[in-house]
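# Descriptive structure summary
Listed here are the chains, written in short residue letters.
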Amino acid sequence: EDRPAVAATLRALNGALNGPLGRPGGLWVKESGARNLRHRDFLAPRAALNAAFPGGQVPPGVVSAVSSLRGPAVLPLRSCQDTPAGLAVQVRRPEAFRRLLGPLPGPAGPREGRVVLLHCPALRGPAALRPRHLRPVLLADHLAQLLRAQGVCVRLVPSLAGEGSPEVLRQLRIDWPCGSAGSSLPEAVSALKAALGRAGCASACEQGPGPAALPGGVLCKVHLKSFVEQQGLVGYDPNLDVLLVTEGMLRSLAELQQAVLQCLVSDPVALPVSHFPHGSCCSIVHVVSCEEEFQQQQLDLLWRILDPGAHTALQKHLVCGPVKVTNPSSPIGADQYFQLRKRQMYEASVMKYGELAQDEAWTEVIDTLTVAAIRFEMLSTAHRSQITLDLENSSISTKGTKSGAFVMYNCARLATLFDTFQRAVERGTYPPLPPVSELNFSCLREEGEWLLLFNYLLPFSEVLQQAAELPAPSKGIRITANTETVCKFLIQLSMDFSSYYNRVHVLGEPFPHLFDQMFARLQLLGAVRDVFHSALATLHLPPLSQI
């Protein structure tokens, strides 16, 4: 039996309505608000019906066809009624609970031919990283986890020198590859230098007659503007003109080139780099801050000139908006930013938990809360938008519902609940949790329970898929990703779970006639806990067992 999914259910509903019309179209919407979910789960709005049917009158046969819909991954439907708001569909909720409260689907298997190279130029920059450098690095780290969860082969570039990688990356649990760039890098740089000399179009590459013709350290002049015009490329900065090529630029390109080749070695389905058909090779995504975008466009074009293969034609740029720091007494480094947030988190924890938070056992907890706070601060905003970091009047706390600490707090509440239940089972207070097949889900009638299932457990797999999508731009080189999706999902889940948990006493008195409801609720909350853990894993955040 297939696990129900939102997309499959909407496709079936739209097919039932659009079949008589003989045309495709999306008429149905999934409800999500608590008020509407008291009356319906899906709605075909009246305005859409008026546009689709003469006089807005839906044939009776269509209504009955919707009610009797069945299919793989389609939610079990209970009724379809014509209401003033439109066609309202309700789900058979006990059956939906039963079908959804089994184990979460496992990670996707490898997807043949799908390889993505994420390049983060911020890590080639100054040794002293600043908060604005952290944003694209954290975003690339998160995106890599999301893509891997979908079975995509991901490679991160540049590789960091083992001893020289900034400590703040380790503190933030950024899983970035370390090690030397490879013994073949000098050969690759030499090959690119040779390509400079062979550049056939005079408008693309110009070398002076002698060393005095170019500034020190400059190997060549490349006319990027004329190359863009000749190739008909769109989306590049109109101010791109002459590029003074240095050996450092060639080293960066050589490492990218080697990473592409190594991607192909790890993916036997992909073809040799010189034989890529369009769309089947390694996708290259430059994850850059807006301050680095111009320089990365220069390197993008230089790579296209020197290595005109299908892989360089697939370069795309994912650009992060600015990170504005308010109230800085002086320019602040990324390490100082981490330490500041850690101190604020420690002070907030002491204020809430008193002397407990000063215990050595809390060191790891404070570190994890700090990482969560920073990751949510950097990633819960759409990557195109500006982020403002207020260093003085920080919103970092254990109470704010928009913070990573709030998410971790609710995850820890779930851990405490199940630890309490397990200890009660060991004492003989409660029997063990029965298998799912023996549970009575008709006991779950509290509206918060359906809200957790319908808005979070049901769409979770699709949320992860959407967050990992890298849609090709209609034109140009910029792409947009929904990298804020997981953080926003976790924040909203935490708010709805917290509201439910504060309202409902899950572990009741040990009377047998109350066990059915308690066990059904524990099965639901166990699935909620699994969603928390899976989503936090894409942020490299371990679940907390206490807080």
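Scroll up for the structure.
This text gives an overview of the structure that appears in the document. From a predicted model like this one, the values you see are computed outputs, not experimental measurements. (Residues numbered from 1 in each chain as written. Predicted model: local features only at pLDDT ≥ 70, side-chain atom pairs only at ≥ 80, totals over all residues. Heavy atoms only, no water.)

### Some points on the overall build of the chain
A tally of helices and strands in the chain yields 19 helices and 13 strands. Within the chain, residue pairs in contact and separated by at least 24 positions form 76% of the contacts whose partners lie at least 6 positions apart. Carbon and sulfur atoms form 53% of the exposed surface of the chain, whose accessible area is close to 24,400 Å². (Helix = DSSP H or I, 4+ residues; strand = E, 2+ residues; numbered from the N terminus. Contact = heavy atoms within 4.5 Å. Areas by Shrake-Rupley, 256 points an atom, 1.4 Å probe, with all protein chains shown as cover.)

### Side note on the environment of Leu 27
By secondary structure assignment, the location of Leu 27 is in the loop between helix H1 (6-18) and strand E1 (29-30). On the basis of relative accessibility, which here comes to 10%, the residue Leu 27 falls in the buried class. Each C-alpha atom, one on Leu 27 and one on Leu 87, is 10.0 Å from the other, the two residues being 60 residues apart in sequence. Non-local contacts of Leu 27, meaning those with residues more than four positions away in its chain, are made with Asn 14, Leu 17, Asn 18, Leu 43, Ala 44, Pro 45, Ala 48 and Ala 52. (Buried < 20%, exposed > 50% of the residue type's maximum accessible area, 1.4 Å probe, protein only.)

### Comments concerning the packing of helix H13 (residues 334-353) against helix H14 (residues 362-379)
At a minimum axis distance of 9 Å, the contact between H13 and H14 shows a crossing angle of 120°. The angle between the axes of H13 and H14 places the two elements in the oblique class. The element H13 and its partner H14 pack so that their crossing is right-handed. Seen from H13, the contacting residues are Tyr 337, Phe 338, Arg 341, Lys 342, Met 345, Tyr 346, Ser 349 and Tyr 353; seen from H14, they are Trp 362, Ile 366, Asp 367, Leu 369, Thr 370, Val 371, Ala 373, Ile 374, Glu 377 and Met 378. Partitioned by chemical class, the residues of the contact of H13 with H14 number 12 nonpolar, two polar and four charged. (Axes fitted to C-alpha atoms, helices over the stretch in contact; angles between N-to-C directions. Parallel < 35°, antiparallel > 145°, perpendicular 65-115°, else oblique. Left-handed = near helix turned anticlockwise from the far one by under 90°. Nonpolar A, V, L, I, M, F, W, Y, C, P; charged D, E, K, R; others polar.)

### Concerning the nonpolar core
Counting 138 residues, the largest nonpolar core has Leu 17, Trp 28, Leu 118 and Leu 525 as the members making the most contacts within it. For this core, the element with the highest residue contribution is helix H19 (residues 512-537), accounting for 13 residues. With near-sequence residues (within four places) excluded, Trp 28 lies in contact with Leu 10, Leu 13, Asn 14, Leu 17, Phe 42, Leu 43, Ala 44, Val 66, Cys 80, Leu 87 and Val 89. Counting 35 residues, the second-largest nonpolar core is a separate cluster that includes Leu 185, Val 245, Leu 299 and Ile 477. (Core = buried A, V, L, I, M, F, W, Y, C linked by side-chain atoms within 4.5 Å.)

### Some remarks on the sheet that holds E1
Pairing between sheet strands relies on hydrogen bonds along the backbone, with the strands arranged either parallel or antiparallel. Strand order in the open sheet made by the four strands is E1-E2-E4-E3, with antiparallel pairing throughout. Sheet topology places E1 and strand E3 (77-83) at the edges, where each strand pairs with a single neighbour. Sheet topology note: the E3/strand E4 (residues 86-91) ladder contains six bridges and is antiparallel. By the bridge assignment for E4, Gln 81 is matched with Ala 88. (Pairing = 2+ DSSP bridges.)

### A short note on the pattern of salt bridges
In the structure shown here, the tally under the stated rule is 19 salt bridges. For Glu 31, the salt bridge identified is with Arg 40, shortest N-O distance 2.6 Å. When its relative accessible area of 14% is taken as the criterion, Arg 40 is described as buried. Here Asp 82 and Arg 46 are joined by a salt bridge, their closest N and O atoms 2.6 Å apart. Taken together, the residues span a long stretch of sequence, with Asp 82 in strand E3 and Arg 46 in helix H3 (residues 46-52) at a distance of 36 residues. Taking the relative accessible area as the measure of exposure, Asp 82 reaches 43% and is therefore partly exposed. (Salt bridge = Lys/Arg side-chain N within 4 Å of Asp/Glu carboxyl O.)

### Digging into the packing of aromatic side chains
Enumeration according to the criterion identifies 11 aromatic pairs in this entry. Between the aromatic rings of Tyr 456 and Phe 489, the centroid separation amounts to 5.5 Å while the plane-to-plane angle is 70°, which identifies the pairing as edge-to-face. Of this pair, Tyr 456 sits in helix H16 (residues 447-457) while Phe 489 sits in helix H18 (residues 485-503), placing them 33 residues apart in sequence. Look at Tyr 456 and you get buried, because its relative accessible area is 4%. Through a chain of ring-to-ring contacts, three or more aromatic side chains come together here, namely Phe 42, Phe 97, Phe 441, Trp 450 and Phe 454. Above the ring of Phe 418, the side-chain terminus of Arg 529 is found at 4.3 Å from the ring centroid. (Phe/Tyr/Trp six-rings, centres within 6.5 Å; stacked < 30°, edge-to-face > 60°. Lys NZ or Arg CZ within 6 Å of the ring centre and 35° of its normal.)

### Re the sheet that holds strand E11 (residues 315-320)
If you trace the four strands from one edge of the open sheet to the other, you get E6-E5-E10-E11, paired in parallel fashion. Each edge of the open sheet carries a strand with a single partner, namely strand E6 (153-157) and E11. When strand polarity is set aside, the average angle formed by the axes of neighbouring strands in this sheet is 25°. With five bridges connecting them, strand E5 (residues 115-119) and E6 associate as parallel partners. Bridge pairing in E6 places Val 115 opposite Cys 153.

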